[in-house]
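Below, each chain spelled out in residue letters.
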Amino acid sequence: MNAQKAGALLSKVREVNPLVHNITNIVVANFTANGLLALGASPVMADAKEEVEEMARMAGVLVLNIGTLTERTVESMILAGKSANKHGVPVVMDPVAAGATEFRTRSAKQILEEVKVAIVRGNAAEIANAAGQKWAIKGVDSGEAEGDLEELALHAARKLNTVVAVTGKTDYISDGKQTVKVSNGHSILTKVTGTGCLVSSVVGAFLAVEKNPAAAAAAALAVYGTAAELAAVKTADQGPGSFQVEFLNQLSKVTEEQVALQAVIEKGGL
Amino acid sequence: MNAQKAGALLSKVREVNPLVHNITNIVVANFTANGLLALGASPVMADAKEEVEEMARMAGVLVLNIGTLTERTVESMILAGKSANKHGVPVVMDPVAAGATEFRTRSAKQILEEVKVAIVRGNAAEIANAAGQKWAIKGVDSGEAEGDLEELALHAARKLNTVVAVTGKTDYISDGKQTVKVSNGHSILTKVTGTGCLVSSVVGAFLAVEKNPAAAAAAALAVYGTAAELAAVKTADQGPGSFQVEFLNQLSKVTEEQVALQAVIEKGGL
Amino acid sequence: MNAQKAGALLSKVREVNPLVHNITNIVVANFTANGLLALGASPVMADAKEEVEEMARMAGVLVLNIGTLTERTVESMILAGKSANKHGVPVVMDPVAAGATEFRTRSAKQILEEVKVAIVRGNAAEIANAAGQKWAIKGVDSGEAEGDLEELALHAARKLNTVVAVTGKTDYISDGKQTVKVSNGHSILTKVTGTGCLVSSVVGAFLAVEKNPAAAAAAALAVYGTAAELAAVKTADQGPGSFQVEFLNQLSKVTEEQVALQAVIEKGGL
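The structure presented is a predicted model; accordingly, all values stated were derived computationally and were not measured.

What counts, and at which threshold
- Residues numbered from 1 in each chain as written.
- Chains lettered and ligands numbered in written order.
- Predicted model: local features only at pLDDT ≥ 70, side-chain atom pairs only at ≥ 80, totals over all residues.
- Heavy atoms only, no water.
- Contact = heavy atoms within 4.5 Å.
- Buried area = accessible area lost by both parts, 1.4 Å probe.
- Salt bridge = Lys/Arg side-chain N within 4 Å of Asp/Glu carboxyl O.
- Polar contact = N/O pair within 3.5 Å; in protein donor to acceptor, adjacent residues only side chain to side chain.
- Helix = DSSP H or I, 4+ residues; strand = E, 2+ residues; numbered from the N terminus.
- Nonpolar A, V, L, I, M, F, W, Y, C, P; charged D, E, K, R; others polar.
- Phe/Tyr/Trp six-rings, centres within 6.5 Å; stacked < 30°, edge-to-face > 60°.
- Buried < 20%, exposed > 50% of the residue type's maximum accessible area, 1.4 Å probe, protein only.
- Axes fitted to C-alpha atoms, helices over the stretch in contact; angles between N-to-C directions.
- Parallel < 35°, antiparallel > 145°, perpendicular 65-115°, else oblique.
- Left-handed = near helix turned anticlockwise from the far one by under 90°.
- Least-squares fit on C-alpha atoms with pLDDT ≥ 70 in both.
- UniProt positions renumbered as here; feature names shortened; annotations may be inferred.
- Pairing = 2+ DSSP bridges.
- Expected span 1.5 Å × (residues − 1).
- Right-handed = clockwise from strand over helix to strand, strands pointing away.

Considering the interface of chain B and chain C
- Taken together, the contact pairs 25 residues of chain B with 27 residues of chain C.
- Approximately 2,000 Å² of surface area, both sides summed, lies buried where chain B meets chain C, with 56% of it carried by carbon and sulfur atoms.
- The tally of links from chain B across to chain C stands at one salt bridge.
- Taken together, chain B and chain C are joined by nine residue pairs in polar contact (both at pLDDT 80 or more).
- Among the elements that line the side of chain B that touches chain C, the one with the most residues is helix H2 (residues 29-39) of chain B, at six residues.
- Residues of the side of chain B that touches chain C, tallied by class, amount to twelve nonpolar, seven polar and six charged.

Structure (structure tokens):
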């Protein structure tokens, strides 16, 4: 994956307008739907066990997010995930706050055991805890050194037998053999709730149109980060309210050419 | 209904400030409440079976929305609907994505059988599926020809014995005898999640102050579309984030006079 | 508490970045999280009975909000509250729409009986109904005379044996002995859904860094009202959509010095 290809994949997402089935949380459902619509994808939220198998089967991708998980929704995620697996629909998982409580850690692991997941997207602490590694959690974020994060992505990918995207100031995407670094984005993203959840769904939208999960994740993160940079410039010093509004604008307006110019995608060093 | 009367009805909504009881989904609950507040209505969201009968009884209108339905909320919708029927509170229903899954289609039909609904508001595919007609679903939208939609509204109204509003580029409101066309709105509405759900609740707010359901629906759709047009002009080329913010502003600011000038309401030809 | 101390406490919130565990409703979860992030606190939303005891124990404060309560979430609130009590984590409660239905009134009372709550924040009708007083509910707001509200705060604080904050045009904070009045804010707050819910969580963020509940509540209300005033001036005549965006900006930008200049905090007269 490189900047030019990432831009081209953005255009493909807009052309295909993939149906993204999200089972997600009450905090970010609205923002996720609006972000996917702005980007050019077609979101659907449905989490009743009576319908998730049918909905997942029809989707271009299924995105599982445990942000406000309950016993009911974990059951739905597994039903939906198995249906997606059976019908060749790829699955993205976001283990929100795995490690913060035993229920989250256990549920994340259970989903990863019962469902074949193509990409797991999270911050360092979430990824480490989902992969069963001992990794200190500092609030909801991880302040680890850069080298550690690359290693974490690589090891978690091997352990979970999936592509892993550890996002932060720099994003590390690994398939267990190679690691790619994406260095787009802006720190104000951490001041808007659900920007991590939305990026998992955007990764899903790219995965719906690109079979290689590591390539899809890298392109999605580069496009997302580029849109955030454009929005941050346009709303400099205004605050997180204005940034969020402009970020939705930029997800809709960012062009293939801007991504080709601005995306920073490199091979990792491990 | 004509443009002048639609404007007058907007002023009546603001004067009465009707209590709109919504049983709705996790994606649009916030946007729906903010849209109703901006318009001048008084939203309340409550979906626990322990309280919906009591809440619906006190409301000016009850709006049922199956966007993220579960067994629990379908049960609550039926309890609330029966209470509303018993106490003379009118009911609006939005059969979100009926036809997309068997559970949605079945639940929409069950609610329509057990509750006397005054207005059903949906896109073409949702209305057709709720009315048991065979109508192809193309994603979440319907790309049918104009003539078909007018016929659909008429037939669905007869079949469901209620007023039906099929919304899209042009909106068709039918009581089973006559059909009214409303041609306001803007395509950017399709890039903001929950604009369909919100319009159902706005239809509800108008129904709370106007006994004729077809008149209430036509006026609501004209006012909503006019506010969208004003917001689209004001945020041209800015993107869906800015449009959404300005749309809330315009729902609050649009005047009786602007509606009288700008609303396009015509009799249908069938 | 005075204006200068309120400003200093804002700086302390930003320095400590307290973890605020919210069990809240589907309407305001996103706005609450964004408001807390903007202010400088760290929100977490979790309501599964499997994890709330663990989450509450780790938090700086627990905020319970019955906005869209169900049997499931009331159970979770009580489990979380007891865990918070056991581990010395202070608890704020927002009895949203208590008095509107029997289920709400009963649930509010049950939570207040089983959990030791440090601060109850609500409008006049909510506070009165939670405290078992006969107080007419007029829609969702209360239009009572000023003297009455001060008396209500005082009596409710005595009855509930907690600090009570009755918010409205003027806010009254009472510990059952003394009452403090805060006169910041702007009427457009009533046109944005969840501004009452968010202020309860902001009160929580201040309580996480200030042991005196009445002082924490007064400072939080003064800071919140000051941010609202700044946002209202900046978006005058634009509408509630723009106000909401700018309010998030101002929660992030309002300084200790602005609060010291602008906060209006007085002793009550009873």
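A short note on the packing of aromatic side chains
- For the coordinates displayed, the defined rule picks out six aromatic pairs over all chains.
- Considering the side-chain rings of Phe243 of chain A and Phe247 of chain A, the 5.6 Å spacing of their centres and the 10° angle between planes classify their relative orientation as stacked. With a gap of four residues between them, Phe243 of chain A and Phe247 of chain A both fall in helix H10 (residues 240-253), about one helical turn apart.
- Aromatic side chains Tyr224 of chain C and Phe247 of chain C sit 5.0 Å apart centroid to centroid with 85° between the ring planes, which places their arrangement in the edge-to-face category. With Tyr224 of chain C in helix H9 (residues 213-234) and Phe247 of chain C in helix H10 (residues 240-253), this residue pair connects regions lying 23 residues apart in the sequence. Comparing Tyr224 of chain C with Phe247 of chain C shows no difference in burial state: the two are buried.
- Here the aromatic cluster, defined as three or more aromatic residues joined through ring pairs, consists of Tyr224, Phe243 and Phe247 of chain A.

Describing the packing of helix H9 (residues 213-234) of chain B against helix H10 (residues 240-253) of chain B
All names here are of chain B.
- Where H9 contacts H10, the axes come no closer than 8 Å and their chain directions differ by 130°. What the angle tells us is that H9 and H10 run oblique. For the crossing formed where H9 meets H10, the hand is right-handed. Where H9 abuts H10, its residues Tyr224, Ala227, Ala228, Leu230, Ala231, Ala232 and Lys234 lie against Phe243, Glu246, Phe247, Gln250, Leu251 and Lys253.
- Residues of the contact of H9 with H10, tallied by class, amount to nine nonpolar, one polar and three charged.

Thoughts on the relation of the copies chain B and chain A
- Placing chain B over chain A gives an RMSD of 0.0 Å and needs a rotation angle of 120°, together with 0.0 Å of translation along the axis. Put plainly, the chains are arranged around a three-fold axis. Closest approach to the rotation axis within chain B is made by the C-alpha atom of Ile26 of chain B, at a distance of 3.3 Å.
- Looking at the interface residues of chain B, only 7% of them are also at the interface in chain A, so each copy uses its own face.

Things to note about the UniProt feature "binding site: ATP" (unreviewed entry) in chain A
All names here are of chain A.
- Taken from the UniProt record, the annotation "binding site: ATP" (unreviewed entry) applies to Arg121 and Thr167. For the annotated residues, spread through 47 residues, the largest C-alpha to C-alpha distance comes to 7.3 Å, consistent with a single compact locus.
- Relative to the elements of secondary structure, Arg121 occurs in strand E5 (residues 119-122).
- Setting aside residues up to four positions removed in sequence, Arg121 forms contacts with Met93, Asp94, Pro95, Ile127, Ala165, Thr167, Gly196, Cys197, Val199 and Ser200.

Focus on the sheet that holds strand E5 (residues 119-122) of chain C
Residue and element names in this part refer to chain C.
- What the nine strands build is an open sheet, ordered E2-E1-E3-E4-E5-E6-E7-E8-E9; its pairing is mixed. If you trace the sheet from one side to the other, it starts and ends with strand E2 (42-45) and strand E9 (265-267), each paired once. Along the sheet, successive strands turn relative to each other by an average axial angle of 20°, direction set aside.
- Inspection of the sheet shows strand E4 (residues 91-94) paired to E5 by two bridges, in the parallel sense. Across the sheet, residue Met93 finds its bridge partner in E5, namely Val120.
- Here helix H2 (residues 29-39) sits on the sheet and contacts strand E1 (19-23) and E2; the angle it forms with E2, its principal contact strand, is near 160°.

A short note on the UniProt feature "binding site: substrate" (unreviewed entry) in chain A
- Per the UniProt entry, the sites bearing "binding site: substrate" (unreviewed entry) are Met45 and Gly194 of chain A in this numbering.
- By secondary structure assignment, the location of Met45 of chain A is in strand E2 (residues 42-45).
- Judged by its relative accessible area of 8%, Met45 of chain A falls in the buried class.
- When residues no more than four places from it in sequence are discounted, the contact partners of Met45 of chain A are Asn22, Thr24, Ala29, Thr32 and Ala33 of chain A together with Val27, Gly67, Thr68 and Arg104 of chain B.
- Inspection of the secondary structure puts Gly194 of chain A in the loop between strand E8 (179-182) and helix H8 (195-207).
- When sequence neighbours within four positions are dropped, the list of residues in contact with Gly194 of chain A reads Val28 and Phe31 of chain A.

What about the interface of chain B and chain A?
- The interface is formed by 27 residues belonging to chain B together with 25 residues belonging to chain A.
- For the chain B and chain A pair, buried surface summed over both sides reaches about 2,000 Å², with 56% attributable to carbon and sulfur atoms.
- Counting the surface chain B buries against chain A, the share from its top three residues, Ile26, Val27 and Thr193 of chain B, is 23%.
- Summed over the shared surface of chain B and chain A, the result is one salt bridge.
- Of the charged contacts in the structure, one is a salt bridge between Glu51 of chain A and Arg104 of chain B, with a shortest N-O distance of 2.6 Å.
- At the boundary of chain B and chain A, one finds nine residue pairs in polar contact (both at pLDDT 80 or more).
- At the level of secondary structure, the elements contributing two or more residues to the side of chain B that touches chain A comprise helix H5 (102-114) and H10 of chain B.
- Take the side of chain B that touches chain A: its biggest share by element is five residues, from H10 of chain B.
- Class assignment for the residues of the side of chain B that touches chain A results in eleven nonpolar, eleven polar and five charged.

Quick word on the sheet that holds strand E4 (residues 91-94) of chain B
Residue and element names in this part refer to chain B.
- Sheet architecture is open: nine strands sit in the order E2-E1-E3-E4-E5-E6-E7-E8-E9, paired in mixed fashion. Every other strand in the sheet has two partners, leaving strand E2 (42-45) and strand E9 (265-267) as the edge strands with one partner each. Averaged over neighbouring strand pairs, the angle between their axes works out to 20° when direction is ignored.
- As paired elements, strand E1 (residues 19-23) and E2 share four bridges and run parallel to each other. Following the sheet pairing, Asn22 is matched in E2 by Met45.
- Of the strands in this sheet, E1 and E2 touch H2, which is tilted by about 160° from E2.
- Contacts between helix H4 (residues 71-86) and the sheet are confined to E1, strand E3 (61-65) and E4, with E3 contributing the most and set at about 155° to the helix.

Topic: helix H9 (residues 213-234) of chain A
Residue and element names in this part refer to chain A.
- Taking 1.5 Å per residue as the helical rise, H9 with its 22 residues ought to reach 32 Å, and the 32 Å between its terminal C-alpha atoms agrees with that figure.
- Most of H9 sits out of view: 19 of its 22 residues are buried.
- Among the residues of H9, the N-terminal cap falls to Asn212, whose side-chain oxygen and the backbone nitrogen of Ala214 are separated by 3.0 Å.

Regarding the pairing of E1 of chain C
Residue and element names in this part refer to chain C.
- A large share of E1 lies buried, amounting to five of its five residues.
- Neither face of E1 is left uncovered, since the one carrying Leu19, His21 and Ile23 and the one carrying Val20 and Asn22 both have all their residues buried.
- Each parallel crossover has a hand, and the one from E1 via H2 to E2 is right-handed.

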